[in-house]
Each structure stands twice: as structure tokens, then as C-alpha cells.
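Inside the fold
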Amino acid sequence: MLSPDLIKKIKKVHIKTGRMVNTMMAGQYRSVFRGAGIEFEEVREYTPGDEVKSIDWKVSARMGKPFIKRYREEREQVVMLLVDMSGSGRFGTTQRIKRETAAEIAAILAFNAIRNNDKAGAILFTDQVERYIPPKKGSAHVWRLIREIFTFQPEHTGTNIVDAVDFLARVCRKRSVAFLVSDFLTEDFGRNTTLRIRSAARKHELISVLVTDPGEFRLPDGGIVAFQDLETGAIRYLDASDRTTRDRFRAGRQAVHEQILQNHKAMDMDCIEMPTDGDAADALVRYFRLRERRRR
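To keep things clear, this report deals only with the structure shown in the data block. The written sequence of each chain sets the order in which its residues are numbered from 1. Thresholds applied to this predicted model are a pLDDT of at least 70 for local features of residues and 80 or more for the giving and counting of side-chain atom pairs; totals over whole chains, interfaces and linings are not thresholded and use all residues. In computing side-chain values, all of the structure's heavy atoms are included and hydrogens and water are not.

All right, on to empty space enclosed by the protein then. Empty space among the atoms can be located by rolling a probe the size of a water molecule over them. A 1.4 Å probe that fits into a set of points on a 1 Å grid over the protein atoms alone but cannot get out defines a cavity; an open set with protein on both sides within 12 Å along at least five of seven lines defines a pocket, and lining residues are those with an atom within 4 Å of a point. Grid points are joined across faces, edges and corners, and a volume is the space filled by probe spheres set on the points. Tallied over the entire structure, the rule returns 2 cavities of 30 Å³ or more. There is about 80 Å³ of room inside the largest cavity. Residue assignment for the lining of the largest cavity shows that the elements contributing at least two residues are α4 (98–115) and β6 (176–182). Sorting elements by how many residues they give to the lining of the largest cavity places α4 first, with 3 residues. Of the residues belonging to the lining of the largest cavity, the class tally is 3 nonpolar, 4 polar and 4 charged. When its volume is computed, the second largest cavity comes out at roughly 60 Å³. Every residue along the wall of the second largest cavity is listed here: Lys98, Asp183, Leu185, Leu210, Val211, Thr212, Glu216, Phe217, Arg253, Val256, His257 and Ile260. Helix and strand definitions here come from DSSP, where helices need a minimum of 4 consecutive H or I residues and strands a minimum of 2 consecutive E residues; each element is numbered from the N-terminal end. At 4 residues, the largest contribution of residues to the lining of the second largest cavity is made by helix α8 (residues 243–266). In the lining of the second largest cavity, the residues fall into 6 nonpolar, 2 polar and 4 charged. Gly counts as polar in this scheme, as do all residues outside two lists: the nonpolar Ala, Val, Leu, Ile, Met, Phe, Trp, Tyr, Cys and Pro, and the charged Asp, Glu, Lys and Arg.

Below, the structure written as C-alpha cells:
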């Protein structure tokens, strides 16, 4: 049985994200991802108002006047949510822990998919894939996705992103838009895995959502602080009253963060930064607008 507090949280996310999609994001998702699946339809003569980038220059040269290629959209597409359920997702120093932030992001993306007649599914993973929710349509399915992310109790605490991406490539035969929601605090997401990630990215459009918490980047101003790694259980102690220790801690965490961003850049993957004290809808709207500018 779910506790009343947990049911309240799930309902709040469900209602809140549904409203966001109906207001802030109306049409943006469709505009950004409209080209995920297209089929060639015809070549016809250019008419004023057609986009210049649609001109088929080979046919135009052969015919002596401009012609354009037209494509028909395969509107229905699949949106897959790869959600990191490892131990570090239980960390949080704001009103939300990382896992709750991930749930809200996933809910917004799922609602966008459903409202545009697309299917949404999920892969919940730790150091192995622990649950696969096949893509479906319908608002009831969004409710299930949110509930699963909030309530799922993983058997493992580690992280293996590459295996999750490999699983995506196996279960999704059709090209999909896949959002990888994680804090990326793992050694398996780096240069040595670039080829495997890129292999999946060639088949699917892979986009990352980097979930962070402000408490990861700073120590309190005083006292001996005990840190427990939520994935390995290891504990270490730091003297937070020492300024040098605080500065080194902040610099070390910032270096890890920058390396994660550099790894994404090396793999040519988009990365949406999402702090637990930030607004999930704002982060996604900014990303959608960025993608729209790229298309122009």
C-alpha cells in the first residue's frame, strides 16, 4: 500500500505536469520533434513560399527550373525514458530529492508524448535494467509511469548507463526519441564507452537530462561531516571547518561536473542540466527553443 504522503506527491506531479504541457509547452514538443520519422512523398515544381532548403538541386538542374522534395511525416513516434534508479537518486538538500526531480522530468516528457499522439515507455535501471515498461498511449499510462518511478524499489544501488542504452537498442526496433535521466555519477560513462553510446545514438535520438543537487557542490561552514556513498555504502569524514578542505571539495565536485559535460560533448549528445532546486518545465522549454533555433 502507498502512504498518503506518497499518493499526494504522485497526484501533485501528475496534475502539475499535465497543466504545464497544456500551457507552457503547447505545440513546442510537436514542432521540435516533428521530423523524427518521415517518408519521401513526391518531387514537385517550386512555388513561391516553399522553403529554399527543400529544393532538390539535382532535379532542378536536370529540368532547368527549381523543384522541391516533399516528405510525409510519420507522426506517431516512440518516446523512451531511461531513468537512473541507483542509490544516488535518494540524495537531496532541497525540497526534492534527485529521484523526485527525475520523476517530474519524466512526467512532463511523457505528457508531451501522449498529448501529441505518440507512445511513451520507460527503462528503469541501476547497474542493470530492473524494469521495462513498454511504450503505450493514454493518460492512464502516464499515471503508471509516474507511479512506477516514485515507488519502484530497485534491487541494486550501482549505475550502468551503457547497459541501459544497449537494452534500448535491443527492445526498440523503430527509431525513437530517448531521454536518459541520470546524475551520471558513474565511471562507465566516459571515453571508453563512446563507441557503444554512439552506436545506439545512430539508431535513436539520445538526449541526456543531468540531474544535480546544490548540496553536491559545497560543504557546510563548520564541523566534521560524514559522507556516505549511497551506491557503495562507503563512508568518509571531512573537516568542514577548514576552508581549504571546503575549497578543494567544491573544486573537485565542479571538475567532475565539467567532465560529465565534456563526455557528452565528445559523444555529440545534447545534455539538459536539471538541478533539484530548478524548474523542470523551464529547463525543457529552454531546450525545446534551442532545438527550434537549430532547425532554422
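Still more to cover.
Once that is clear, we can look at the packing of aromatic side chains. Given two aromatic rings, one states the distance between the centres and the angle between the planes to describe the pair. Note on ring pairs: Phe, Tyr and Trp rings are taken, using the six-membered ring of Trp, and paired if centres are within 6.5 Å. Classes follow the plane angle, with under 30 degrees stacked, over 60 edge-to-face and the rest tilted. Here the structure, examined in full by the defined rule, presents 3 aromatic pairs. Ring plane angle 75° and centroid distance 5.5 Å describe the contact between tyrosine 132 and phenylalanine 167, whose orientation is recorded as edge-to-face. Of the two residues, tyrosine 132 sits in strand β5 (residues 129–136) while phenylalanine 167 sits in helix α6 (residues 161–171), which places them 35 residues apart along the sequence. The interplanar angle of 50° and the centroid separation of 6.4 Å between the aromatic rings of tyrosine 287 and phenylalanine 288 together place this pair among those described as tilted. Each residue is placed in one exposure class: buried if its accessible area under a 1.4 Å probe, protein chains only, is under 20% of its type's maximum, exposed if it is over 50%, and partly exposed if it falls in between. Accessibility expressed as a relative area gives 6% for tyrosine 287, which makes it buried. Phenylalanine 288 sits in the buried class, given a relative accessible area of 1%. Looking at arginine 253, its charged tip hangs above the ring of phenylalanine 217, at a distance of 5.9 Å from the centre. Counting as a charge over the ring demands two things of the Lys NZ or Arg CZ atom: a distance within 6 Å of the ring centre and an angle within 35 degrees of the ring normal.

Running from N to C, α4 and helix α5 (residues 139–151) point in directions that differ by 165°, and their axes come no closer than 9 Å. By the angle between their directions, the pair α4 and α5 is classed as roughly antiparallel. As α4 runs across α5, the sense of the crossing is right-handed. Judged by residue contacts, Arg99, Glu100, Ala103, Ala106, Ala107, Ala110, Phe111 and Ile114 of α4 engage Ser139, Val142, Leu145, Ile146, Ile149 and Phe150 from α5. For the contact of α4 with α5, the class distribution of residues is 11 nonpolar, 1 polar and 2 charged. Structural elements are reduced to axes, namely lines fitted to C-alpha atoms, with helices fitted over the stretch in contact, and the angle between N-to-C directions of any two is expressed from 0 to 180 degrees. Geometric relationships in this document are graded by angle, where less than 35 degrees denotes roughly parallel, more than 145 denotes roughly antiparallel, 65 to 115 denotes roughly perpendicular, and other angles denote oblique. In this scheme, a crossing is called left-handed if the near helix is turned counterclockwise away from the far one by less than a right angle; it is called right-handed if the turn is clockwise. Pairs of residues are marked as contacts when any of their non-hydrogen atoms sit within 4.5 Å.

With 41 residues, the main nonpolar core has Leu81, Ile105, Phe179 and Val209 as its most contacted residues. For this core, the elements supplying multiple residues, two or more each, are β3 (78–84), α4, β4 (119–125), α5, β6, β7 (205–212), β10 (270–275) and α9 (280–295). Setting aside its immediate chain neighbours within four residues, leucine 81 contacts Ala106, Leu109, Ala110, Gly121, Ala122, Ile123, Leu145 and Phe179. Among buried residues, those of type Ala, Val, Leu, Ile, Met, Phe, Trp, Tyr and Cys that are joined through side-chain atoms within 4.5 Å constitute a nonpolar core. Residues Phe125, Leu168, Cys172 and Leu180 belong to the second largest nonpolar core, which totals 23 residues.

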